[in-house]
Amino acid sequence: MKNHDFNPESLMMTYGYKPELSEGAIKCPIFQTSTFVFKTAEEGKAFFELAYGLREKSEKEELGLIYSRINNPNLEILENRLCLWDKADDCAVFESGMSAISTVLLEFLKPGDLLVYSNPLYGGTDHFIHHFLDKIGVHTIGVMPDDSIAKIEAMMNTSGKANRLAMIYLETPANPTNDIVDIEKFKELAVRYSTDDKKALVAVDNTYMGPLWQHPLQSGADLVLYSATKYIGGHSDLIAGAVLGNASLMLRVKTLRTFLGNMVSPHTAWLMLRSLETLKVRMDQQTQNAQIIAEYLEHHPKVEKVYYLGVLQEGTEAHDIYKKQCSAPGAMVSFDIIDGEKGAFTFLNNLSLIKLAVSLGSTESLAEHPKTMTHAGVDDTQRKQMNITDQLVRLSIGVEYVKDLIWDLKQALEKVEVITAAEAEII
Ligand SMILES: *Cc1c(COP(=O)(O)O)cnc(C)c1O
């Protein structure tokens, strides 16, 4: 039995933690400490040599604990457990999703480089690209969900910067419309524009699917990023981020993290260890609920269109990519309601169990209006192109009893009035 391959959900309670090092405690304590005592000066010297890359690690050697900005048991155990879901070599946890994202962009881009990214992006990422990367002279090309690879290559060639492609940054499925792109195809594009001494990387923000339903590293991505505030934390009570990838890329990410000092705190890491124990059961329940809700909304007379991976038409390109790339449709359901912003606001103001708040992936269900809330900063024309209109509502589905959620949606939708043709004329 020693060699049995356990599934990640079976290992989330124990993996990487040695009770004998903590008075036999079944649970990993919080290592609320800034620094660690060396047994001898020789040991301290050896740890620093490894930490600063002054020599290669010998076969059996492990980096000892030095100082909590460099390493801490809560962070290390959390990182080792997160690696299991994405089958990654290594992981780095951060104090927020944005610090994970900005650290990756800072480490792998320099002035004069080209960054190609998918639209729509998370608002904070979009802001960092346009207000910071632009300022330091990184060239950027934003692509729309329906742009073909041929069109993207044409845009890259027209820019005159194609030979400086350093990174393709993707968010798929996209927030809030669940538009999906093919990670493998973007990987092929990155490979075409890579040379022996300059490799173009593919990074994927996988927050929308969490570590369960899509594994970008398996589809060819070099780095996968998370806002761990969402599914990984899962209880709307912490802010954190994570990056995973191969050992050599992660060494660079962790080194920059050491010097920016934006690692997560031991207490937040400990909360995430607790969250990971229920990740699978939470996310399974959330996606089951979401599928039932999406199907209910599809047949509701006050709903014009539902944006959810679980109701994609078979035979469409999006459906094909979804089947290839994802193992479940997720728990984010968006829909177009009748009567524009007025209809959307009436619906949101009348919800009772579902809370009106941004964020996603938590145990409780949330609803929001992307156009005036999460995506208020997006350029107007682009917003229209991406179907983020007055009538779009976004739901994050939680673990509640699904019939209670449907009751709530039904009663809030009832408050939205159907405008008759005669009324429309008076307006
Ligand atoms: C929330 C979110 C982020 C930012 O994460 P924080 O933890 O809030 O810093 C990045 N990307 C996506 C897709 C998100 O939903």
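For the structure, check the block above.
As the structure is a computational prediction, the values presented were derived from the model and not from experiment.

K.L.:
How should I be thinking about the overall build of the chain in this particular structure?
P.N.:
Secondary structure assignment for the chain yields 16 helices and twelve strands. Computed over C-alpha atoms, the radius of gyration of the chain comes to 23 Å, within 12% of the 22 Å expected from 2.2 N^0.38 for 427 residues, which places it in the range of a compact globule. Overall, the C-alpha framework of the chain stretches about 85 × 55 × 40 Å when taken along its three principal axes. Expressed as a percentage of the 427 residues in the chain, the buried residues total 53%. Long-range contacts, defined as pairs at least 24 residues apart, comprise 73% of the intrachain contacts of the chain with a sequence gap of at least 6. Summed over its atoms, the accessible surface of the chain is roughly 20000 Å², and 54% of this surface lies on carbon and sulfur atoms.

K.L.:
Even after reading the chapter, I still don't get the pairing of strand S5 (residues 201-205), so can you show me in this structure?
P.N.:
For a regular strand, side-chain orientation follows a simple rule: the groups alternate between the two sheet faces. Judged by how many residues are buried, S5 sits mostly within the fold: five of five residues are covered. The pairing of strand S4 (residues 165-171) with S5 spans five bridges and is parallel. Bridging from a neighbouring strand, tyrosine 169 pairs with alanine 203 of S5. Once you follow S4 into helix H7 (residues 183-192) and on to S5, the crossover reads as right-handed. The sheet contact formed by S5 and strand S6 (residues 223-227) spans three bridges and is parallel. Looking at S6, one finds that alanine 203 is bridged to leucine 223.

K.L.:
I would appreciate a short explanation of the nonpolar core in the present structure.
P.N.:
The tendency in soluble globular proteins is for nonpolar side chains to be buried side by side. The biggest cluster of nonpolar side chains holds 74 residues, and the ones touching the most others in it are Leu82, Ile293, Leu297, Val306, Phe335, Phe347 and Leu395. Among the elements that line this core, the one with the most residues is helix H3 (residues 73-86), at seven residues. If we ignore the near neighbours within four places in the chain, the residues touching phenylalanine 347 are Phe335, Ile337, Val393, Leu395, Leu409, Ala412, Leu413 and Val416. Residues Val104, Met167, Leu201 and Leu223 belong to the second largest nonpolar core, which totals 26 residues.

K.L.:
Can you help me understand the sheet that holds S4 in this one?
P.N.:
What holds strands together in a sheet is hydrogen bonding between their backbones, with the strands either parallel or antiparallel. In space, the seven strands of this open sheet follow the order S1-S7-S6-S5-S4-S2-S3, with mixed pairing throughout. Pairing within the sheet leaves two strands with one partner each, and these edge strands are strand S1 (90-94) and strand S3 (139-143). Neighbour-to-neighbour, the strand axes of the sheet open up by a mean angle of 20 degrees, direction not taken into account. Across four bridges, the pairing between strand S2 (residues 114-118) and S4 is parallel. Paired with tyrosine 117 across the two strands is tyrosine 169, which belongs to S4. Against the sheet, helix H4 (residues 97-108) contacts S1, S4, S5, S6 and strand S7 (241-245), and its axis sits at roughly 150 degrees relative to S6. Contacts from H7 reach S3, S4 and S5 within the one sheet, and its direction differs from that of S4 by about 175 degrees.

K.L.:
Even after reading the chapter, I still don't get the site of the ligand, so can you show me in this structure?
P.N.:
As a matter of local geometry, the ligand sits amid 13 residues, with Met98, Asp205, Ser227, Thr229 and Lys230 nearest to it. With respect to the ligand, the backbone of glycine 97 contributes an N or O atom lying 2.9 Å from an oxygen atom. Compared with its free state, where it exposes 380 Å², the ligand has 92% of that area covered by protein. No other element matches the three residues that H4 contributes to the shell around the ligand. Grouping the constituent residues of the shell around the ligand by class yields five nonpolar, five polar and three charged.

K.L.:
Teacher, can you tell me more about the pattern of salt bridges here?
P.N.:
Between side chains of opposite charge, pairing is possible as soon as their charged atoms come close. One pass over the structure, following the stated rule, counts 21 salt bridges. Here aspartate 113 makes a salt bridge to arginine 164, at a shortest N to O gap of 2.7 Å. Of this pair, aspartate 113 sits in the loop between H4 and S2 while arginine 164 sits in the loop between helix H6 (149-159) and S4, and the two are 51 residues apart along the sequence. For aspartate 113, a relative accessible area of 3% translates into the label buried. Accessibility expressed as a relative area gives 29% for arginine 164, which makes it partly exposed. For aspartate 339, the salt bridge goes to lysine 342, with nearest N and O atoms at 3.3 Å. In this structure, a network of salt bridges that share partners links the residues Glu79, Asp90, Lys254 and Arg257.

K.L.:
It is not clear to me how the side chain of glutamine 214 should be interpreted in this structure. Could you clarify?
P.N.:
With respect to the helices, strands and loops of the structure, glutamine 214 is situated in the loop between helix H8 (210-213) and S6. Since its relative accessible area comes to 0%, glutamine 214 is described here as buried. At 2.8 Å, the side chain of glutamine 214 forms a polar contact with the backbone oxygen of threonine 172. Ignoring sequence-local partners within four residues, the contact set of glutamine 214 consists of Asp86, Thr172, Pro173, Ile183, Asn206, Met209, Gln325 and Cys326.

K.L.:
What is the right way to look at the packing of helix H11 (residues 279-298) against helix H15 (residues 402-414) in this model?
P.N.:
Angle between the axes and distance between the axes: these two values describe a pair of packed helices. Where H11 contacts H15, the two axes come as close as 10 Å, and the packing angle between them is 30 degrees. By the angle between their axes, H11 is roughly parallel relative to H15. Here H11 runs over H15; the crossing is right-handed. Residues Asn289, Ile292, Ile293, Tyr296 and Leu297 of H11 form the contact with H15, whose participating residues are Val402, Leu405, Ile406, Leu409, Lys410 and Leu413.

Calculation rules
- Residues numbered from 1 in each chain as written.
- Predicted model: local features only at pLDDT ≥ 70, side-chain atom pairs only at ≥ 80, totals over all residues.
- Heavy atoms only, no water.
- Helix = DSSP H or I, 4+ residues; strand = E, 2+ residues; numbered from the N terminus.
- Rg over C-alpha atoms; globule rule 2.2 N^0.38 Å.
- Buried < 20%, exposed > 50% of the residue type's maximum accessible area, 1.4 Å probe, protein only.
- Contact = heavy atoms within 4.5 Å.
- Areas by Shrake-Rupley, 256 points an atom, 1.4 Å probe, with all protein chains shown as cover.
- Pairing = 2+ DSSP bridges.
- Right-handed = clockwise from strand over helix to strand, strands pointing away.
- Core = buried A, V, L, I, M, F, W, Y, C linked by side-chain atoms within 4.5 Å.
- Axes fitted to C-alpha atoms, helices over the stretch in contact; angles between N-to-C directions.
- Near = heavy atom within 4 Å.
- Polar contact = N/O pair within 3.5 Å; in protein donor to acceptor, adjacent residues only side chain to side chain.
- Nonpolar A, V, L, I, M, F, W, Y, C, P; charged D, E, K, R; others polar.
- Salt bridge = Lys/Arg side-chain N within 4 Å of Asp/Glu carboxyl O.
- Parallel < 35°, antiparallel > 145°, perpendicular 65-115°, else oblique.
- Left-handed = near helix turned anticlockwise from the far one by under 90°.

Bear in mind that shape data such as this cannot, by itself, settle questions of function.
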